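Analysis of the macromolecular model
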Amino acid sequence: MKLTFQKAALLNGINIVLKAVPSKTTMPILECILIDASTDVIKLTGNDMELGIETKVEGNILEKGKIALDAKLFSEITRKLSDGDSMVTIESDEKYNTTITCDNSVFQIQGKDGDEFSYLPYIEKNKYICLSQFTLKELIRQTIFSISVNDSNKMMTGELFEVNGDSLRVVSLDGHRMAIRKILLKDTYENTKVIVPGKTLNEISKILTGDNEKEVQIYFGANHILFEFDDTIVVSRLIEGEYFRINQMLSSDYETKFSVNRREFLDCIERATILIRENDKKPLILQVNDNTMELKLNSSFGSMNAELLIHKTGKDIMIGFNPKFLIDALRAIEDEEINIYMMNPKSPCFIKDEEETYIYLILPVNFNAASV
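What this report covers is the structure whose coordinates are included nearby. Computed from a predicted model, the values in this text were never measured in an experiment.

Turning next to the packing of helix α3 (residues 133-141) against helix α4 (residues 198-207). Working note: a packed helix pair is described by the angle between its axes plus the distance between those axes. It is the contact of α3 with α4, at a shortest axis distance of 10 Å, that shows an interaxial angle of 135°. Of the possible angle classes, the one that applies to α3 and α4 is oblique. Between α3 and α4 lies a crossing whose hand is left-handed. Contact residues: L136, K137 and I140 in α3; L201, I204 and S205 in α4. When grouped by side-chain class, the residues that make up the contact of α3 with α4 number 4 nonpolar, 1 polar and 1 charged.

This brings us to the sheet that holds strand β18 (residues 284-288). Sheet architecture is open: 4 strands sit in the order β20-β19-β18-β22, paired in antiparallel fashion. Every other strand in the sheet has two partners, leaving β20 (302-309) and β22 (317-321) as the edge strands with one partner each. Across this sheet, the average inter-strand angle for adjacent strands is 20°, counted without regard to direction. For β18 and β22, the ladder comprises 5 bridges, and the chain directions are antiparallel. Among the inter-strand pairings, L284 is bridged to a residue of β22, identified as F321. With respect to the sheet, helix α6 (residues 262-272) is in contact with β18, β19 (292-299) and β20, its orientation differing from that of β20 by roughly 175°.

As enumerated under the stated definition, the model contains 6 aromatic pairs in all. When the centroid spacing of 5.2 Å and the interplanar angle of 70° are considered together, the rings of Y243 and F244 count as edge-to-face. Through successive ring pairs, a cluster of aromatic residues spans Y128, Y189 and Y219. The residue whose ring lies beneath K352 is Y341, and the NZ or CZ to ring-centre distance is 5.1 Å. A cation over a ring is seen here: K352 above F350, with NZ or CZ 5.6 Å from the ring centre.

This part is about the pattern of salt bridges. Tallying each qualifying case throughout the model produces 25 salt bridges. The salt bridge partner of D316 is K312, with a shortest N-O separation of 2.4 Å. Of the charged contacts in the structure, one is a salt bridge between E356 and K352, with a shortest N-O distance of 3.4 Å. Owing to a relative accessible area of 10%, K352 belongs among the buried residues under this scheme.

Criteria and cut-off values
- Residues numbered from 1 in each chain as written.
- Predicted model: local features only at pLDDT ≥ 70, side-chain atom pairs only at ≥ 80, totals over all residues.
- Heavy atoms only, no water.
- Axes fitted to C-alpha atoms, helices over the stretch in contact; angles between N-to-C directions.
- Helix = DSSP H or I, 4+ residues; strand = E, 2+ residues; numbered from the N terminus.
- Parallel < 35°, antiparallel > 145°, perpendicular 65-115°, else oblique.
- Left-handed = near helix turned anticlockwise from the far one by under 90°.
- Contact = heavy atoms within 4.5 Å.
- Nonpolar A, V, L, I, M, F, W, Y, C, P; charged D, E, K, R; others polar.
- Pairing = 2+ DSSP bridges.
- Phe/Tyr/Trp six-rings, centres within 6.5 Å; stacked < 30°, edge-to-face > 60°.
- Lys NZ or Arg CZ within 6 Å of the ring centre and 35° of its normal.
- Salt bridge = Lys/Arg side-chain N within 4 Å of Asp/Glu carboxyl O.
- Buried < 20%, exposed > 50% of the residue type's maximum accessible area, 1.4 Å probe, protein only.

See the structure below:
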């Protein structure tokens, strides 16, 4: 096999598939990137058996073939080669001895048989939806912070993708909060529900350009999901099982409703968190009155009090929250004014718009009223 590339194109391809290369594995072949030039296109593939990424790279095929190269080594060598428009040549013989040449640098490394590499699973392209790269990137950004990083409950480490006719609902929750985003699709599709691993969505959002003009096709298989965009495909195993009954957690009842300027509220909370260190569990106390909301926070470093103007209907309430949860939700919303609904100091609060295109549910925390 003999191929030539521009360094920038090769490095971009490596960076994309590197996201699917496992750091630890019992199968050494999976620590490699597959270079497949056995047809008229050059494809790079990374696969950790849960997540697989394949991307096409522009280059010249002087001799067809395929080879698997140690991902870490291959990526570091390519990164250190001359910058700019330098041409990189990759050549391997029948014993998988591989030479990487660029300008005055020549590296000799040992490759592996490309046929031993695990190919991405085949997925039938019957059930699918289509949306813009920008929309998918935003959906992930606006919900991913609510997944659990702890594996004790597998469901919470993924996000629910629920297609219902011409709408897509994306849900994440971690036991303390929930994020829901709902968008209208351009067409009507077959109803489906799948749970996509958070790791997959995190990696996809890093690859997506976020271009509103470019589309992503999402195909749903029995056990896998496939994302196809630009010259890249991402295949991921789905999380099996029945997702939580979301609709039962959503209530339209409230005793207190108020609207507040989102930016002012966010700035106020961020100022308060200056007084909190990493493991500090100090709550932010909200005292909601008729036209004002008082924010109070006490920690071992000091205290902060602030007041914001609000429009309120219903009862006054004093309630405590983990300030980080409020910050995450407020950063994900773009509305200038937001509506917040509360029942009592022990029930979840809801931040949502009239059409419910977004709903953020946050559980309050207990606090000692005497110490406020």
